[in-house]
Amino acid sequence: MEKITVSAPGKLMLLGEHAVVYDRPCIVTAVGQRMFVTLESLPDPLLELEAADVKVTGYKRSFAELGVGEIPRGAKFVELAVKNFIEKHPLKNGVRITTRSEFSSLFGFGSSSASTVCVIKGLAELTGTKLSNKELFGLAYKTVLDVQGKGSGFDVAAAIYGGTLYFVTGGKVIEPIALDELPLVVGYTGVKADTVTLINAVAEKAARHPELIDGIYTQIGNTVDAAHAALKTKSWPLAGELMNFDQGMLEDLGVSTGKLSAMIHAARDAGAWGAKLSGAGGGDCMIALSSPGTKEAVSEAITKVGGQVIDVATNVEGVRIEP
């Protein structure tokens, strides 16, 4: 095969932020905006990258140079994904990679993990290498850790498996939750937050108050388990109530903001079953679990306090080969 295009979805965290970095479970759903990656064989052992969405064009590196020296921010995940793949599965030919994203990286939907999954899946398909989803997860998760130093891998799992997942740190558990709908309203604060900075800030707090923070992580994990059971039976009001509990604990960790809280409380006041931040906090997105009858009122309430409602499908298909 000389050329192939692969796509993978972004993600939204439903419950379990921060605690998932410390061996507690989370629930994540794949979202409809997708990353598209086209891979073409080259005669020489080179990586060529065109990623206009992240301002990387005309980028070239020999395979021998991969991962060495300064790497442009927009090229890091792709370059290290190629490096990690060829260390396990050596390539005779080079590869030209072109990326195209359907969603803005501003929204914190996991574009980096989606592109990493696409690159590794595409290299496997291009070379006829058989990779199980577990092996794909392992290589992609290693790449994320190589770039970021920290991370649980839930966004990688969402990109690979799609749907809505119950997930435990590092892929110890990846369990699909059978849902034919997930009635969410998603609101964006207008603020792009840095995940690693927020994780480090919580870690510093944990160093000062280890028992208290560990206790919060345990409570978050228990809340995720209860929400897992509620979602399996589509007990939406109960799932919403548990989302509210989770938000309270995230506020205790110090990762919510005034803007997030305003959007969350506006959604609840408008009739949402539950609402909370989604992701590391500090900005990015919030989510509200809402019945069809309250969705419009919830959306209007979020907009009135300065949020931007994002039209995004949830519970969508994972990584796939495009025709």
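Keep in mind the model is a prediction, meaning the values are calculated, not measured.

Caption draft 1: Inspection of the packing of helix α5 (residues 195-208) against helix α6 (residues 210-232) at higher detail. In the contact formed by α5 and α6, the axes pass within 5 Å of each other and the chain directions differ by 125°. With respect to α6, the element α5 is oriented oblique. Residues Val202, Lys205, Ala206, Ala207 and Arg208 of α5 pack against Pro210, Ile213 and Tyr217 of α6. Classifying every residue of the contact of α5 with α6 gives 6 nonpolar, no polar and 2 charged.

Caption draft 2: Seen up close, the nonpolar core. With 54 residues, the main nonpolar core has Ile27 and Met286 as its most contacted residues. Looking at this core, the element that brings in the most residues is α6, giving 8 residues. The residues touching Ile27, leaving out its near neighbours within four places in the chain, are Met13, Leu14, Leu15, Thr164, Leu165, Tyr166, Ile177, Val224, Ala227, His228 and Leu231. By size, the runner-up hydrophobic cluster in this structure holds 52 residues, among which are Leu39, Phe63, Ile97 and Ala157.

Caption draft 3: Summary view of the pairing of strand β8 (residues 184-188). Counting buried positions over the 5 residues of β8 gives 5, a clear majority of the element. Of the two faces of β8, the one lined by Leu184, Val186 and Tyr188 and the one lined by Val185 and Gly187 are each fully buried. Here β8 pairs with strand β10 (residues 285-289) via 5 bridges, running antiparallel. Of the residues in β10, the one forming a bridge with Leu184 is Leu289. Across 3 bridges, the pairing between β8 and strand β11 (residues 308-310) is antiparallel. Directly across from Gly187, in β11, lies its bridge partner Val309.

Caption draft 4: Main features of the environment of Lys192. The residue Lys192 is located in the loop between β8 and α5 in this model. In this structure, the C-alpha to C-alpha distance between Lys192 and Asp284, residues 92 residues apart in sequence, is 5.4 Å.

Caption draft 5: Summary view of the packing of aromatic side chains. Per the stated rule, a full pass over the model turns up 3 aromatic pairs. Ring geometry for Tyr22 versus Tyr217: centroids 4.9 Å apart, planes at 15°, classification stacked. Here the residue Tyr22 occupies a position in the loop between β1 (3-15) and β2 (25-42), and Tyr217 occupies one in helix α6, the gap between them amounting to 195 residues. What makes Tyr217 buried here is its relative accessible area of 4%. Judged by centre distance (5.4 Å) and plane angle (25°), the ring pair of Phe137 and Tyr141 falls under stacked. A residue pair is termed a helical-turn pair when its members lie 3 or 4 positions apart in one helix, as Phe137 and Tyr141 do in helix α3 (residues 133-148) at 4 residues. A single burial state applies to Phe137 and to Tyr141, both of which are buried.

Cut-offs applied
- Residues numbered from 1 in each chain as written.
- Predicted model: local features only at pLDDT ≥ 70, side-chain atom pairs only at ≥ 80, totals over all residues.
- Heavy atoms only, no water.
- Axes fitted to C-alpha atoms, helices over the stretch in contact; angles between N-to-C directions.
- Helix = DSSP H or I, 4+ residues; strand = E, 2+ residues; numbered from the N terminus.
- Parallel < 35°, antiparallel > 145°, perpendicular 65-115°, else oblique.
- Contact = heavy atoms within 4.5 Å.
- Nonpolar A, V, L, I, M, F, W, Y, C, P; charged D, E, K, R; others polar.
- Core = buried A, V, L, I, M, F, W, Y, C linked by side-chain atoms within 4.5 Å.
- Buried < 20%, exposed > 50% of the residue type's maximum accessible area, 1.4 Å probe, protein only.
- Pairing = 2+ DSSP bridges.
- Phe/Tyr/Trp six-rings, centres within 6.5 Å; stacked < 30°, edge-to-face > 60°.

These results come straight from atomic positions and should not be treated as a statement about function.
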